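For reference, the chains in residue letters:
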Amino acid sequence: GETRQKNMEQELQGYRAALAKLNKEIADLERQKDKYAEEASKAHEDAHKAMEIVKTRDMKIVDLQKIIAELEVKLKNQQALYESVRSDRNLYSKQLLEAQDEISELHQKFKIMNHQIEQLMDEIAAKEKILAEEKFQVMKIEKEKEWFVQETIRLKQQHEIAEASIASFKQEMQNLQAIIGEAERDRVRQKKQYEIVLDERDILGTQLIRRN
């Protein structure tokens, strides 16, 4: 992304250099026009032609300068969009990793809780057989079992919420990828516009050389 931006900026610099060269050539034509004005009728006709060439080149340069200004604005907007999308993508990636860590931790707690429930169930079964008379103790263990069951339900709910959050984060990542894809297609279109403008510049340069 940053390399593409630098390449576009280098192309703009090359374009400005070409414009400077055209301005210098126009200044030379202006000097030639003054010289032709002092000569005979044929020189006067040549000076008139040179003025028409200068006028045409001036109009072309104005058009090219407008195109460059528009492309510079698009380049700045593209850079701002790229930075915004990259920042959002990094943020969502971080949140996704945090959510995955939280789910992993919940899985571990859920596993431990299930193991504890199984142990309690075995303990209750043994005590019911051996200590049938200790009803108070059995009720206490039943309460502990109920607490563990409720805690397991709560952990399951947290797990489901975390899973939903990950699904949402993944959707956001897909949306960001779509935005990045659109930005890349826009960059390609801008590059094609550059190539068209560069071709026009080369044609103007060739015509100017032939005139001289």
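For the structure, see preceding data.
Residues numbered from 1 in each chain as written. Predicted model: local features only at pLDDT ≥ 70, side-chain atom pairs only at ≥ 80, totals over all residues. Heavy atoms only, no water.

A count of helical and extended segments in the protein gives three helices and zero strands. Across the 212 residues that make up the protein, the buried fraction comes to 23%. Restricting to contacts in the protein with at least 6 residues of sequence separation, those with at least 24 account for 86%. Taken as a whole, the protein presents about 15000 Å² of accessible surface, with 54% of it coming from carbon and sulfur. (Helix = DSSP H or I, 4+ residues; strand = E, 2+ residues; numbered from the N terminus. Buried < 20%, exposed > 50% of the residue type's maximum accessible area, 1.4 Å probe, protein only. Contact = heavy atoms within 4.5 Å. Areas by Shrake-Rupley, 256 points an atom, 1.4 Å probe, with all protein chains shown as cover.)

Now for the side chain of Arg-57. Turning to its location among the elements, Arg-57 is positioned in helix 2 (residues 41–130). We note that Arg-57 is buried and unpaired, the nearest opposite charge coming from Glu-25 at a distance of 6.4 Å. In this view, Arg-57 contacts Ile-26, Leu-204, Gln-207 and Leu-208; residues no more than four positions away in its chain are not counted. (Lys, Arg positive; Asp, Glu negative; His and termini not counted. Salt bridge = Lys/Arg side-chain N within 4 Å of Asp/Glu carboxyl O.)

Our focus in this paragraph is the pattern of salt bridges. Summed over the entire model, instances satisfying the criterion amount to 10 salt bridges. Here Glu-105 ties to Lys-109 by a salt bridge, and the two come within 3.6 Å at their closest N and O atoms. Pair noted here: Glu-105 and Lys-109 are both in helix 2, with a separation of four residues, about one helical turn. Judged by its relative accessible area of 45%, Glu-105 falls in the partly exposed class. A salt bridge links Glu-184 to Arg-187; the nearest nitrogen and oxygen atoms lie 2.9 Å apart. With a gap of three residues between them, Glu-184 and Arg-187 both fall in helix 3 (residues 135–211), about one helical turn apart.

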